[in-house]
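Okay, here's what each chain looks like letter by letter:
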Amino acid sequence: MTPLALASPPLGLTVIRAAAATLVVAALVALPAFGSPFLVTQFSRVLIYAIFAMSLDLLVGYCGLVSLGHAAFFGIAAYVTALLSDKAEINNILITLPVSVAAAALGALVIGTLALRTSGVYFIMVTLAFAQMLYFVAQENAFFGGSDGILLLAPFRLGIGDSTWLSLGDRATRYCLILSMALLVLCFLSFLVRSPFGCVIRGIRSNERRMRALGYAVGRYKLICFVIAGAHAGLAGHLYVVLTSLADPSILDWLHSAQVLLMLIIGGIGTLIGPALGAFVLIVLTDQASELTEHWKLVVGVVVIALTLFSRGGIVGLARSGTASLFARKPS
Amino acid sequence: MQFSTVLVQILNGLQFGMLLFLIASGLTLTFGVMGIINLAHGAFFMLGAYGAFHLIKFAGWPFAAAYAGAILAVVMLGALVERSVLAPLAKRDHLDQVLVTYGLILIFDELAVIAWGKDVQPAEIPPPFQGSIQLSSMIVYPVYRLVIAAIGLLAALALYLLVAKTRLGMIVRAGSIDRDMVRALGINVRPIFSLVFGLGAAFAALAGIAAAPILSVSPGMGDRIIIVAFVVIVIGGIGSVKGAFVGALLVGLVDGFGKILFPTVSSILMYGLMAAVLVWRPQGIFGKPLR
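Residues numbered from 1 in each chain as written. Chains lettered and ligands numbered in written order. Predicted model: local features only at pLDDT ≥ 70, side-chain atom pairs only at ≥ 80, totals over all residues.

**Q** When you look at the overall build of chain B in this model, what are you seeing that I'm missing?
**A** Broken down by element type, chain B carries 11 helices and 2 strands. Its helices and strands in sequence order give chain B the pattern α-α-α-α-β-β-α-α-α-α-α-α-α, from N to C terminus. In summary, chain B has a C-alpha radius of gyration of 19 Å against a globular reference of 19 Å for 291 residues, a match within 12%. By its C-alpha atoms, chain B is 60 × 50 × 35 Å across when sized along the principal axes. In chain B, the share of contacts with a sequence separation of at least 24, taken over all contacts with a separation of at least 6, comes to 74%. (Helix = DSSP H or I, 4+ residues; strand = E, 2+ residues; numbered from the N terminus. Rg over C-alpha atoms; globule rule 2.2 N^0.38 Å. Contact = placed C-beta atoms within 7 Å.)

**Q** How do you make sense of the overall build of chain A when you look at a structure like this?
**A** A tally of helices and strands in chain A yields 14 helices and 4 strands. Based on the C-alpha atoms only, the size of chain A along its principal axes is roughly 65 × 50 × 45 Å. Residue burial in chain A is summarised as follows: out of 332 residues, 47% are buried. Long-range contacts, defined here as pairs at least 24 residues apart, represent 77% of the contacts in chain A between residues at least 6 apart. (Buried ≥ 20, exposed ≤ 12 C-beta atoms within 10 Å, placed from the backbone.)

**Q** Where do I start with the interface of chain A and chain B in this structure?
**A** Think of interface size as the accessible area that goes away when the parts come together; that is how it is often given. Across the contact, 36 residues belong to chain A and 34 residues belong to chain B. For the side of chain A that touches chain B, the secondary-structure elements that each account for two or more residues are α6 (120-140), α11 (254-267) and α13 (296-310) of chain A. Here the side of chain A that touches chain B gets 14 residues from one element, more than from any other, and that element is α6 of chain A.

**Q** Is there a simple way to explain the nonpolar core in this structure?
**A** In this structure, Ala129 of chain A together with Ala49 and Val231 of chain B are the most contacted members of the largest nonpolar core, which totals 212 residues. Leaving out residues up to four positions away in the same chain, alanine 49 of chain B has contacts with Ala123, Gly208, Ile209, Ala211, Ala212, Val217 and Met221 of chain B. (Core = buried A, V, L, I, M, F, W, Y, C linked by C-beta atoms within 7 Å.)

**Q** Looking at this structure, how should I read unusual backbone geometry?
**A** What you tend to see is this: most non-glycine residues have negative phi, and most peptide bonds are trans. Unlike most non-glycine residues, glutamate 89 of chain A shows phi in positive territory, near 55°. Mapped onto the secondary structure, glutamate 89 of chain A falls in the loop between α4 (71-88) and α5 (93-115). Residue classification places glutamate 89 of chain A among the exposed residues on the basis of 8 C-beta atoms within 10 Å. The phi dihedral of serine 216 of chain B falls on the positive side, at around 70°, and the residue is not glycine.

**Q** Before we go on, may I ask you to explain the packing of α6 of chain A against helix α9 (residues 221-236) of chain B in this structure?
**A** When two helices pack together, you describe them by how their axes are tilted relative to each other and by the distance separating the axes. For the pair α6 of chain A and α9 of chain B, interaxial distance at closest approach is 9 Å and the crossing angle is 130°. Here α6 of chain A is positioned oblique relative to α9 of chain B, judged by the angle of their axes. For α6 of chain A against α9 of chain B, the interelement crossing comes out left-handed. In this structure, α6 of chain A contributes Tyr122, Met125, Val126, Leu128, Ala129 and Gln132 of chain A to the contact, and α9 of chain B contributes Ile227, Phe230, Val231, Ile233 and Val234 of chain B. (Axes fitted to C-alpha atoms, helices over the stretch in contact; angles between N-to-C directions. Parallel < 35°, antiparallel > 145°, perpendicular 65-115°, else oblique. Left-handed = near helix turned anticlockwise from the far one by under 90°.)

**Q** Could you clarify how one ought to interpret helix α6 (residues 167-177) of chain B in this entry?
**A** Every α-helical turn comprises 3.6 residues, leaving residues that sit three or four positions apart pointing alike. All names here are of chain B. Within α6 the residues assigned to the buried category are Val172, Gly175 and Ser176. Down the axis, α6 shows its buried residues gathered within 95° of arc, on one side only. Projecting away from the buried face of α6 at angles above 90 degrees are the exposed residues Arg167 and Ile177. Residues of α6 that are buried sit in contact with α1 (3-34), α5 (143-165), α7 (179-184) and α8 (189-215). (Arc of directions from axis to C-beta.)

**Q** What is the right way to read the confidence of the model for chain B from this model?
**A** All names here are of chain B. Overall, the predicted model of chain B reaches an average pLDDT of 87, with 99% of residues at or above 70. When the elements of chain B are averaged for pLDDT, strand β1 (residues 132-134) gives the smallest value, 80, and helix α2 (residues 41-57) the largest, 92. ipTM for the predicted complex: 0.83, alongside a pTM of 0.88. (pLDDT = per-residue confidence, 0-100.)

Following this line, the structure appears as C-alpha cells:
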C-alpha cells in the first residue's frame with residue numbers, strides 16, 4: 001500500500017460516513033414531528049451542549065489548551081441575555097444573540113490575555129480561578145439575582161422591530177433554531193480546523209516551540225483561538241437561556257466546565273463530532289441515571305476514571321478503529 | 001481605620017491564610033514532586049472534617065483521639081488513591097490528570113452524601129478553646145481562631161525544617177526543579193512520592209478538621225476551598241512551599257481587609273491579586289521561570 005492510499009480513506013468508508021451523517025441529520029430534523037415534548041426539550045439541551053462541547057474541543061483538542069474555566073463564557077452570555085430580557089425587556093434574539101456572544105468574546109479576550117501568560121498546569125488553574133471569580137460575582141450580587149439567579153417570564157422571539165417572525169416560546173420552533181445553530185457551528189468549526197488557521201493551531205498543539213521557530217506569532221494564534229472558542233461557548237449560553245429562561249450561578253461553577261471536558265473524553269478529543277456525541281451520551285445517561293438512582297454522580301465518577309485510564313479516543317476512536325478493521329483486509 | 005480593626009483583620013487574615021497554607025502546601029508538593037495536578041485534594045479536606053465529626057458524634061471519641069483518627073484514616077485513603085489511581089497518571093498529560101481527579105471528586109462527594117447525608121453538619125469547638133480572649137481593652141477575639149493560626153504556623157515551620165534541612169527535603173526540592181534528573185541520579189522516588197502525598201493529605205485533613213467549627217461540615221466543602229488554594233499556588237509559584245506560605249498569607253490578608261474596606265467586591269479581590277501577579281510575574285512570586 002502506498003502512503004497516498006493511506007492518506008485518503010477508502011471509498012466505502014466515505015460512503016458509510018456520509019450515509020450515517022445524513023441519517024442522523026434527518027432524524028434530528030424530523031424529531032419535533034414524532035418526538036414527545038420531553039424528547040424535544042431534551043434534544044434541545046443536547047444540541048446546546050454539543051455547541052458548548054465543540055467550542056471547548058477547538059481549544060483542548062486542536063490548540064492543546066486545557067481550560068477548566070470554559071463555563072465562564074457560557075455563563076457571561078447567559079447572564080447578559082437574562083439581564084437584557086429582565087432589566088431592559090429586550091427579548092428579540094436578533095439583539096440578544098449578538099450582544100451576548102460579543103460579551104462572551106470580550107470576556108474571553110480579557111481572561112485569555114491574562115491566562116495565556118502562563119501554560120500547562122498554571123493555565124488550568126488560572127482559567128479555573130477566573131471562572132470561579134465570576135461565580136462569586138453572580139452569586140453575591142443582587143443585581144445578578146444572587147444564588148437564585150434570574151428567572152425570565154417573557155419568552156424570546158425573532159423579528160425586526162415589534163414584529164414577531166418566530167416565537168421562541170414554542171417548543172418546536174425553539175428546537176429548530178437550536179438545531180440549525182448547532183449544524184452551523186459544526187460546519188464552521190470543521191471548516192476552521194481545516195483552514196490554514198486550523199493548521200497553525202494544530203501545529204501549536206503538537207510542537208509549540210517549532211511553530212515559534214517557524215516564525216508564527218504563537219501567542220496571538222492561541223488568543224484568537226481562545227476568543228473564538230469563548231464566543232461559541234457564549235452562543236451555547238445564549239441558547240441555554242432561550243431554552244430554560246433561567247440564568248443561575250451553577251452554570252458558572254467550575255464543575256460545569258469539568259462536565260463539558262467529560263463530554264470531550266467520552267466522544268473523542270480533537271474530532272468535533274465526538275464531543276457533540278459526548279454531549280448526547282452524557283446528557284441522556286445522566287437523565288436516565290438520575291431517575292434510577294440519586295447517587296448517579298458516583299457512577300459517572302467511576303466511568304470517567306475508567307474511560308480516561310483505559311480507553312483512548314472515546315466513541316469516535318472506537319468507531320474509527322472499528323471501521324478501519326472492516327476495510328483493512330481489502331487489497332489496495 | 002482604628003488600630004483595633006487593623007489588628008483583628010490581621011489576625012483573621014493570618015487564620016484564613018494558615019488554613020489555606022495547610023491545603024495549598026500539599027497541592028503544591030504533589031505537583032512539584034510527582035508532577036500531578038490533583039483536583040481531588042479538596043476531598044481530603046472534606047473527609048478530614050467528616051472523619052472527626054463522625055468519630056466525635058457517633059463513636060463518642062474524645063476530641064484529640066478523633067482528630068488523630070480522622071487524619072490517620074485520610075492518610076491511609078490518600079495512600080490507597082495514590083497507589084491505585086494517581087501513580088499511573090504521572091506519565092499522562094494534564095488533561096487526563098484533570099479528568100481522573102475530577103472523577104475522584106464526584107466519587108468522594110457522593111460517598112460523603114451516602115454516608116452522612118446532604119445536610120450541613122455543625123462541628124463543635126473543642127472545650128479548651130471555646131470562649132474568647134481579651135487582646136486589649138477594646139478587642140475580644142475567639143481563642144479558637146488563634147489556635148488555627150498557631151497550628152498553621154507550626155505546620156509551616158515543621159514543613160520548612162523538613163524541606164530545607166533534611167535529606168528528604170533536599171530530594172523534594174531537587175524533584176520540583178528537575179524530576180527526571182533526580183531519578184537519573186539513582187534515587188528511588190517511589191517511597192518519596194508516597195510520603196509526600198501522605199503528608200499533603202494529612203495537612204489537608206488537618207485543615208478540614210480545623211475549619212469545620214467555622215465553615216460547618218458539608219459534602220462539596222472541599223470543592224470551593226480548593227479553588228482558593230489554586231489561587232494561592234498561582235500567586236506563590238507552583239512547587240514552592242515558600243511560595244505557598246507567602247501566597248496563603250497574601251490571600252488571607254487581602255480577603256480579611258477586603259471584607260472591611262471593600263465589602264461589595266471582597267470575594268473577587270484575591271482573583272484581582274492573582275491577575276496582578278500574572279501580569280507582573282506569570283510564574284508566580286517564587287516559581288521557576290516558565291519555559
